[in-house]
Each structure stands twice: as C-alpha cells, then as structure tokens.
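Chain by chain, the residues:
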Amino acid sequence: MIDDDKQAAAVAAVTEVRDGMLVGLGTGSTAAFAIRALGERVAAGLDVRAVVTSEASGILAQQVGIPVLDFADIAQVDLTIDGADEIDARCFAIKGAGGAMLREKIVAASSARMVVIADGSKRVERIGAAKLPVELLPFARAYVMRVLSDLGGAPVIRANYRTDQDNLVADCRFPTLGDPHALAAVLAAIPGVLGHGLFLDEVDAAYIASKGVVTRLERSDASA
C-alpha cells in the first residue's frame, strides 16, 4: 500500500512537467517512482531534459530514457521533484535518508519550483521525529561530532557509508525542533559541516498520497 501511495504521489507531481522543461530529479525510493513516471511520459513524446541529485538517480533516469545533463553546467532548473522523510503543514521537510541531501539542496536552490512527493506516513504535524542527517568532511569528523553532541543532537556516523562526494553522514536526533531555522543556521555555521537535511525554504508544494488519495499542499496555503 505504501508503494502504491508513493507511485500515486509521483504520478500526480509529474503532471506538472511540461515540454521543454529542465527537471531536477531527487534521490530515494519515492523519487524513483517519479523518475519512472517521467520516463513513461518521455516515451510517449514529452520533450524534457533532467539533472539528477545522485549517481543512482542518474542511472535510473538514463535507463528509462530521460536525457541527463551535468548539473555542473546548469545555473537554473525549472522544476525539481523529490521525496522527503518528513513534511509538515508549513512545507518544512527533513530529507537525507538516502544520503543525497547536499546535492538535493543545491538543485532545489537552483529551481524555480520544488515539489515533494510522499506517502501519508511522511506527513507530520511538525517535523522533528525523523533522524536529521548532517554531511561532514571526514577530516573534521571528531570535531563536528563533538559540536553536534554539545548541541544535543546525539549524532551517529552512518555505518559503512559515504556520499557521492565521499563524505560522511552523521544522523542526529535533536530533542526538539522548536525553531528549525535557528538550528539550520547553527548547523550551517559549523566548520566541516557541508550540508544538512533541513529543507525549510526550498519546498513550494507537496503531493501526499494516503490510501490512494492524493492531496496537494501549497506553501501559500500553509500556516506559519
């Protein structure tokens, strides 16, 4: 049922894609449904190009016939479609279970519009229960772990894992996310931290499917 909802949300989001668009494609199991759904539209004649947020997504996109460009040469994207580990009514999200949050945030920042797709289990009243991933430079591992611990994040280095940039990921569980913007600023200011999974200003809308019913949440409709 969860996979059915992921697919339903993905199909709904992909209807936003129009001919000639440059589309950002996210990473993870839910984003994979969107990539496949977009591939079906491309096979039916849709003319689009894409950039991807991970090597895995790039492989899948090429397998389903989506032309993939090197994001290093791209300054602006029309629409990005990605999953989330949690999303709330404010369109605040936690991402990064798939380890691609740094590239995902860069592509999102370049996008005119970003939509998140999720099954109903990812919709929460307020983000904060999911683990918050932090990407860090291996050289700074001990220092960053100490600072994250001092902040109350109880960080744990993701075992046997490196990002596509060959960096480490520390999964954190902060006791509260009462002020996500403040925490995001603190994390971004730590030397050695390269990225984190708080997506607070990037998400414009979300397609959330529960028991086959898709609901669209727009940031303009969200409460502060």
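Our subject is the structure that appears above.
Numbering of residues starts from 1 in each chain and follows the order in which that chain's sequence is written. Confidence filtering applies because this is a predicted model: local features only for residues at pLDDT of at least 70, side-chain atom pairs given and counted only at 80 or more, and all residues used for totals across whole chains, interfaces and linings. Hydrogens and water molecules were not included; the side-chain quantities draw on all heavy atoms of the structure.

Trainee: Talk me through empty space enclosed by the protein; I want residue IDs and the actual numbers.
Mentor: Put simply, the grid is 1 Å and covers the protein atoms alone, a cavity is a trapped set of points that fit a 1.4 Å probe, a pocket is an open set with protein on both sides within 12 Å along at least five of seven lines, and lining residues have an atom within 4 Å of a point. Grid points are joined across faces, edges and corners, and a volume is the space filled by probe spheres set on the points. Taken as a whole and assessed by the stated rule, the structure comprises 1 cavity of 30 Å³ or more. Looking at the largest cavity, the residues that line it are Ile-94, Gly-128, Ala-130, Leu-132, Cys-172, Arg-173, Phe-174 and Leu-177. Throughout, the ten residues Ala, Val, Leu, Ile, Met, Phe, Trp, Tyr, Cys and Pro are labelled nonpolar, Asp, Glu, Lys and Arg are labelled charged, and all others, Gly among them, are labelled polar. Of the residues contributing to the lining of the largest cavity, the split by class is 6 nonpolar, 1 polar and 1 charged.

Trainee: An account of the sheet that holds strand β4 (residues 86–87) is requested, with residue identities and associated values reported.
Mentor: For two strands to be treated as a pair, DSSP must find at least two bridges joining them. Going along the chain from the N terminus, every DSSP run of H or I of four or more residues is numbered as a helix, and every run of E of two or more is numbered as a strand. An order of β4-β5-β11 is seen for the 3 strands of this open sheet, with the pairing classed as antiparallel. Both outer strands of the open sheet, β4 and β11 (198–199), are each paired with one neighbouring strand and no more. Relative to β11, strand β5 (residues 93–94) runs antiparallel, the two sharing 2 bridges. Across the sheet, residue Ile-94 finds its bridge partner in β11, namely Leu-198.

Trainee: For helix α3 (residues 55–63), give the residues involved together with the corresponding values.
Mentor: Listed as buried for α3 are Ser-57, Gly-58, Leu-60 and Ala-61. Buried residues of α3, viewed axially, fall in a sector of 165°; they line one side. Opposite the buried face of α3, at more than 90 degrees from it, the exposed residues are Glu-55, Ala-56, Gln-62 and Gln-63. Where α3 is buried, its residues meet β1 (22–25), α2 (29–43) and β2 (49–52). One or two positions beyond α3, positive phi appears at Gly-65, with a value near 90°. Categorising residues by exposure relies on relative accessible area from a 1.4 Å probe, with only protein chains included: less than 20% of the type maximum marks a residue as buried, more than 50% marks it as exposed, and the intermediate range marks it as partly exposed. This arc is built from the directions going out from the helix axis to the C-beta atoms. Contacts are residue-level and defined by heavy atoms, with any inter-residue pair within 4.5 Å sufficient.

Trainee: So what's going on with the environment of Gly-83? Residues and values would help.
Mentor: Following the sequence through the fold, Gly-83 ends up in the loop between β3 (77–82) and β4. Accessibility expressed as a relative area gives 6% for Gly-83, which makes it buried. Each C-alpha atom, one on Gly-83 and one on Ser-110, is 17 Å from the other, the two residues being 27 residues apart in sequence. For Gly-83, the contacting residues outside a window of four places in its chain are Thr-30, Ala-31, Lys-95, Val-116 and Ile-117.

Trainee: So what about the environment of Gly-99? Which residues, and what values?
Mentor: Tracing the backbone through its elements, the reader meets Gly-99 in the loop between β5 and α4 (101–109). Between the C-alpha atoms of Gly-99 and His-196, which are 97 residues apart in sequence, the distance is 9.7 Å. Residues within four places of Gly-99 in sequence aside, it is in contact with Glu-135, Arg-158, Tyr-161 and Thr-163.

Purely geometric stuff here, so don't read any function into it on its own.
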